[in-house]
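A look at the structure
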Amino acid sequence: MGIAWSRRRSDFVVQGRALHFVIRVGDREVTFKFFREVLGMKVLRHEEFQEGCKATCNGPYDGKWSKTMVGYGAEENHFAVELTYNYGVAGYRLGNDFLGITIQSKEIVEKVKQAGWPLTETPEGIVIESPGGYKFYVVDKDEPPKDPVQKVSLAVSDLQRAINYWTKLLGMKIYDRDDTNMVAQLCFADDQCKVELKDIGVAIDHASGFGRNAFSCPKKQLSAIESKMRKQKQKVLMALVSLDTPGKVPVEVVILADPAIAADDSTQWFVQNRQHKPLA
């Protein structure tokens, strides 16, 4: 699969898909129980690492760590949540960057209520917090045919700047926009999990629990993405690199920083290539 070029402009269109969002967890077992028994997600794969990631994919943490992918179906066609656990780190301070993940499913609303997990009811459904304080919004409607995960919501300090970054540089399209409430939903395709950007009017604080969003795209596009970002004088946190995982196919990544979200190098945005389907 090659690069898709627009006839109207000289920039290419990334053939991408929102892949997963990373959250850091301090109590792995309690967190696993929340995602499995309360939200009804499945463990898709689990990996252990003895040292930090060479692409700084685990940020400043360079000791023993693990990542566990959870979701409602296979990663090649479902949005997942990556649970990152650093041994010896009991918890993290959350900033104002992550606003929540929205799931649509009547069945999951009922499952949360049956589990007895603390919740807040809204006209649309319910709001719950995972161990560690990450918010999840569950809409009380029939589950969509592809994936119940509908959007991941992130704070930005300048909505228009963020929209320009993702649409003009990376080819995302605006799925929905509300200028009154300073919020916009972006995607590469209508049937994917959306990225919702909310202008909060203040600087973004990532604290120590900062997450990151991962996107998949064809392998051939990665070097072109990096090259374009450098030409446009955008920040590339990590040049194209291949990450080896024992027993699995290597994954190639380029790490970018949206200037309206990444106040400093602590926030990492992945444009990630998957050269395979199941990882486990």
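As the structure is a prediction and not an experimental result, all values here were calculated from the model.

**Details of the overall build of the protein**
A tally of helices and strands in the protein yields four helices and 18 strands. By the burial criterion, 53% of the 280 residues in the protein qualify as buried. Across the protein, contacts joining residues at least 24 apart in sequence account for 67% of those joining residues at least 6 apart. Summed over all atoms, the accessible surface of the protein reaches about 12,900 Å², with 49% contributed by carbon and sulfur.

**Comments concerning the pattern of salt bridges**
Note that side chains of opposite charge can pair when their charged atoms are close. For the structure shown, the criterion picks out 14 salt bridges. One salt bridge connects Lys 67 with Glu 47, and the closest N-O pair in it is separated by 3.8 Å. Residue Lys 67 is found in strand β5 (residues 65–71), and its partner Glu 47 is found in strand β4 (residues 42–49); the two are separated by 20 residues along the sequence. According to the relative accessible area criterion, Lys 67 is buried, its value standing at 16%. The partner of Arg 177 in a salt bridge is Asp 179, and the shortest N-O contact between them spans 2.7 Å. Of the residues examined, Asp 179 reaches a relative accessible area of 48% and is grouped as partly exposed. Residues joined by salt bridges that share partners form a network here, namely Arg 45, Glu 47, Lys 67 and Glu 75.

**Description of the pairing of strand β14 (residues 194–199)**
The buried count for β14 comes to five of six residues, which makes it a mostly enclosed element. Note that strand β11 (residues 149–156) and β14 share six bridges and pair parallel. Its bridge partner being in β14, Ala 155 is matched across the sheet by Lys 198. In this structure, strand β13 (residues 183–187) lies alongside β14, joined through four bridges in antiparallel fashion. By the bridge assignment, Ala 184 is partnered in β14 with Leu 197. Counting the residues that bridge the hairpin from β13 to β14 gives six residues.

**Concerning the environment of Val 156**
By secondary structure assignment, the location of Val 156 is in strand β11. Residue Val 156 is classed as buried on the basis of its relative accessible area, which comes to 0%. For the pair Val 156 and Val 183, spaced 27 residues apart in sequence, the C-alpha separation works out to 9.4 Å. Excluding residues that lie within four positions of it along the chain, Val 156 makes contacts with Ala 162, Leu 197, Lys 198, Asp 199, Ile 200, Gly 201, Ile 204, Ala 260 and Ile 261.

**Let's talk about the packing of aromatic side chains**
All chains considered together, the criterion is met by twelve aromatic pairs. With a centroid separation of 5.0 Å and 75° between ring planes, the pair formed by Tyr 85 and Tyr 87 is classed as edge-to-face. Given a relative accessible area of 32%, Tyr 87 falls into the partly exposed group. Measuring from ring centre to ring centre gives 5.7 Å for Phe 98 and Tyr 134, while their planes differ by 70°; the resulting arrangement is edge-to-face. With Phe 98 in strand β7 (residues 98–104) and Tyr 134 in the loop between β9 (125–129) and β10 (135–139), the pair connects residues that are 36 residues apart, well separated along the chain. Grouped by ring-pair contacts, the aromatic residues Phe 34, Phe 35, Trp 117 and Phe 136 constitute a single cluster. Here the basic side chain of Lys 64 rests over the ring of Tyr 87, its NZ or CZ set 4.6 Å away from the ring centre.

**Some details on the side chain of Thr 167**
Within the secondary structure, Thr 167 sits in helix α3 (residues 159–169). Of note is the side chain of Thr 167, whose polar atom sits 2.6 Å from the backbone oxygen of Ile 163.

**Considering α3**
Residues that lie three or four places apart on an α-helix share one face, since the helix turns once every 3.6 residues. Of all the residues in α3, the buried ones are Leu 159, Ala 162, Ile 163, Tyr 165, Trp 166, Thr 167 and Leu 169. Where α3 begins, the capping side chain belongs to Asp 158, and its oxygen is found 3.3 Å from the backbone nitrogen of Gln 160. Phi for Gly 171, located one or two positions after α3, is positive at around 80°.

**Digging into the environment of Lys 235**
Of note, Lys 235 is situated in the loop between α4 (219–231) and β16 (236–243). Taking the relative accessible area as the measure of exposure, Lys 235 reaches 38% and is therefore partly exposed. Taking the C-alpha atoms as reference points, Lys 235 and Asp 258, separated by 23 residues in sequence, lie 7.8 Å from one another.

**Details of the sheet that holds β11**
Paired through their backbone hydrogen bonds, the strands of a sheet run either parallel or antiparallel. Strand order in the open sheet formed by eight strands is β8-β9-β10-β7-β11-β14-β13-β12, with mixed pairing between adjacent strands. Taken across any chain shown, the strands that pair with only one partner, and hence form the sheet edges, are β8 (120–121) and β12 (173–178). Sheet analysis places β7 next to β10, joined by four bridges and oriented parallel. Its bridge partner lying in β10, Gln 104 is registered against Val 139.

Reading guide: rules and limits
Within each chain, residue numbers correspond to sequence positions counted from 1 in written order. Two thresholds apply to this predicted model, a pLDDT of at least 70 for residue-level local features and 80 or more for giving and counting side-chain atom pairs, whereas whole-chain, interface and lining totals are computed over all residues. The side-chain values count all of the structure's non-hydrogen atoms but skip hydrogen atoms and water molecules. Secondary structure counts use DSSP, requiring at least four H or I residues in a row for a helix and at least two E residues in a row for a strand, with both numbered from the N terminus. Buried, partly exposed and exposed residues are distinguished by accessible area as a fraction of the type maximum, computed with a 1.4 Å probe on protein chains only: under 20%, between the cut-offs, and over 50%, respectively. In this description, contact between two residues means that some pair of their heavy atoms is separated by no more than 4.5 Å. Here the accessible surface of atoms and residues is derived via Shrake-Rupley with a 1.4 Å probe, and residues count as covered only by protein chains that are part of the display. The salt bridge criterion pairs a side-chain nitrogen of Lys or Arg with a carboxyl oxygen of Asp or Glu, the two atoms within 4 Å. A pair of strands counts as paired when DSSP detects no fewer than two bridges linking them. We call Phe, Tyr and Trp rings a pair once their centres come within 6.5 Å, taking the six-membered ring for Trp, and we label the pair stacked below 30 degrees between planes, edge-to-face above 60, and tilted otherwise. Charges are assigned to positions over rings by a cutoff of 6 Å between ring centre and Lys NZ or Arg CZ, combined with an angular limit of 35 degrees from the ring normal. Here a polar contact means two N or O atoms within 3.5 Å. Within protein one must be a hydrogen donor candidate and the other an acceptor candidate, and residues neighboring in sequence count only if both atoms are side-chain atoms.

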